[in-house]
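Structure at a glance
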Amino acid sequence: MHSLNETVIPDVDYMQSDRGHMHAAASDSSDRSKDKLDQKTLRRLAQNREAARKSRLRKKAYVQQLENSRLKLTQLEQELQRARQQVY
């Protein structure tokens, strides 16, 4: 039992996350449920990063396809203009 004047400091281990931040490691059952939540959050963030990466790749491919279509259209317009000049 601790006296009223004594401050209790829990024994907490710290670990570094993948982003370099220091976090307290789990030390009891309430921390375990928090760890599960943290794991869910980390999993969701990782999935979100991957989805964002795929979205950027799709956008890049789409923009490239639009650019290719624009170039083909420009070539067709030039051919049509030349054909019209030959007819007249």
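Right, let's walk through the structure included here.

Here is what the cut-offs are and how they apply
- Residues numbered from 1 in each chain as written.
- Predicted model: local features only at pLDDT ≥ 70, side-chain atom pairs only at ≥ 80, totals over all residues.
- Heavy atoms only, no water.
- Helix = DSSP H or I, 4+ residues; strand = E, 2+ residues; numbered from the N terminus.
- Buried < 20%, exposed > 50% of the residue type's maximum accessible area, 1.4 Å probe, protein only.
- Areas by Shrake-Rupley, 256 points an atom, 1.4 Å probe, with all protein chains shown as cover.
- Patch = residues over 30% accessible without salt bridge, like charges linked within 9 Å, V, L, I, M, F, W, Y side chains within 5 Å.
- Salt bridge = Lys/Arg side-chain N within 4 Å of Asp/Glu carboxyl O.

**Section: the overall build of the chain**
- When helices and strands are counted, the chain shows one helix and two strands.
- Taken from the N to the C terminus, the helices and strands of the chain come in the order β-β-α.
- Counting only residues that meet the buried cut, the chain has 1% of its 88 residues in that class.
- Accessible area for the chain stands at about 8800 Å²; split by element, carbon and sulfur atoms hold 53% of it.

**A few points about a nonpolar patch on the surface**
- Together, Tyr62, Val63 and Leu66 make up an exposed nonpolar region whose accessible area comes to about 290 Å².
- Within the secondary structure, tyrosine 62 is located in helix α1 (residues 29-87).

**So, the pattern of salt bridges**
- Scanning the entire structure with this criterion turns up two salt bridges.
- A salt bridge links arginine 53 to glutamate 50, with the nearest nitrogen and oxygen atoms 2.6 Å apart. Within this pair, arginine 53 and its partner glutamate 50 are both found in helix α1, separated by three residues, close to a single helical turn.
- What makes glutamate 50 partly exposed here is its relative accessible area of 31%.
- The partner of glutamate 67 in a salt bridge is arginine 70, and the shortest N-O contact between them spans 2.7 Å. Here glutamate 67 pairs with arginine 70, and both are found in helix α1, just three residues apart, close to one helical turn.

Scope: geometric values only; no functional claims are made or implied.
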